[in-house]
Amino acid sequence: FPSHDRLPEEEQAILNEAIQYEREAELFYLSASDFNANIGLFKAAEFFKRESEDEKKHAEIIREFMTGWNCLPKYGELNPPSPMISMPTIVSDALDMEYTLCEKYKELAAKAFSMNQALYKFLQKFVKIQTQAVIEYNDLMNQLAFVSTPFEQLYFDNTIFAEKVK
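Bear in mind that the values here come from a model prediction, so they are computed numbers and not experimental data.

In this fold, Gln153 is placed in helix H5 (residues 150-164). The exposure class of Gln153 is buried, given its relative accessible area of 17%. Setting aside its immediate chain neighbours within four residues, Gln153 contacts Leu41, Met87, Pro88 and Val147.

Next up, the structure:
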């Protein structure tokens, strides 16, 4: 039977791009979790595992929005994250990624503005989520400015990350 409530291809492309961003962020955070668990920073590992789960939920929300409009998401190949080298570097890379995601969501929302107000409002929710993530990772980077030794990283893990995973 005919599907007259489908989103136009251009709008579907915007959502498929957003799903791709969220899936790659999920993979980055899962890799960060594994790395931190491997070096004994278990609270950071738990924090990044939860971040990975959040990114997966974001992709699921977008997928549900698409299927609600009678559209099938198209899943692209995922780019593997760069090798992890330290917890401070991971936080720095996460900040860069979250900032880039925020900018990309702003771009996608701007494209959607003239096409479909429902899509625009939907994407604005993700702009807000990404803005909050940028603030959180900026705070972590500011706190990490005082961390230079492995012992300080362990202390950071058992204080700052422990507080975040309560």
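With that out of the way, let us pick up the layout of surface pockets. Put simply, the largest pocket is a space of about 330 Å³. Along the walls of the largest pocket sit 16 residues, with Glu24, Ala25, Phe28, Pro81 and Met97 positioned nearest its centre. Put simply, the parts of the chain that give the lining of the largest pocket at least two residues each are helix H1 (9-38) and helix H3 (87-113). Looking at the lining of the largest pocket, the element that brings in the most residues is H3, giving 6 residues. Here the lining of the largest pocket is built from residues that sort into 9 nonpolar, 3 polar and 4 charged.

What the rule picks out here adds up to 6 salt bridges. Between Glu46 and Arg50 there is a salt bridge, and its shortest N-O distance comes to 3.0 Å. You can see Glu46 and its partner Arg50 sitting in helix H2 (residues 42-68), 4 residues apart, about one turn around the helix. Judged by its relative accessible area of 29%, Glu46 is partly exposed. Among the salt bridges present, the one from Glu163 reaches Lys166, with a minimum N-O distance of 3.2 Å.

Axis separation between H1 and H3 bottoms out at 11 Å; the angle between their running directions is 170°. The orientation of H1 relative to H3 falls into the category roughly antiparallel. Of the residues in H3, those touching H1 at Ile14, Glu17, Ala18, Tyr21, Glu22, Ala25, Phe28, Tyr29, Ala32, Phe35 and Asn36 are Met87, Ile90, Asp93, Ala94, Met97, Glu98, Leu101, Lys104, Tyr105, Leu108, Lys111 and Ala112. Of the residues contributing to the contact of H1 with H3, the split by class is 16 nonpolar, 1 polar and 6 charged.

Here we take up H2. With 27 residues, H2 should reach 39 Å at 1.5 Å per residue; the first-to-last C-alpha distance of 39 Å fits that figure. The set of residues buried in H2 consists of Ala44, Ala45, Phe47, Phe48, Glu51, Ser52, Glu55, His58, Ala59, Ile62, Phe65 and Met66. Check the buried side of H2 and you find it contacts H1, H3, helix H4 (117-144) and H5. Positive phi appears at Asn70, one or two residues downstream of H2, with a value of about 60°.

The rules we used
Residues numbered from 1 in each chain as written. Predicted model: local features only at pLDDT ≥ 70, side-chain atom pairs only at ≥ 80, totals over all residues. Heavy atoms only, no water. Helix = DSSP H or I, 4+ residues; strand = E, 2+ residues; numbered from the N terminus. Buried < 20%, exposed > 50% of the residue type's maximum accessible area, 1.4 Å probe, protein only. Contact = heavy atoms within 4.5 Å. 1 Å grid on protein atoms, 1.4 Å probe; cavity = no way out; pocket = protein on both sides within 12 Å on 5 of 7 lines; lining within 4 Å. Points joined across faces, edges and corners; volume = space filled by probe spheres on them. Nonpolar A, V, L, I, M, F, W, Y, C, P; charged D, E, K, R; others polar. Salt bridge = Lys/Arg side-chain N within 4 Å of Asp/Glu carboxyl O. Axes fitted to C-alpha atoms, helices over the stretch in contact; angles between N-to-C directions. Parallel < 35°, antiparallel > 145°, perpendicular 65-115°, else oblique. Expected span 1.5 Å × (residues − 1).

Geometric descriptors of this kind do not, in isolation, establish any biological role.
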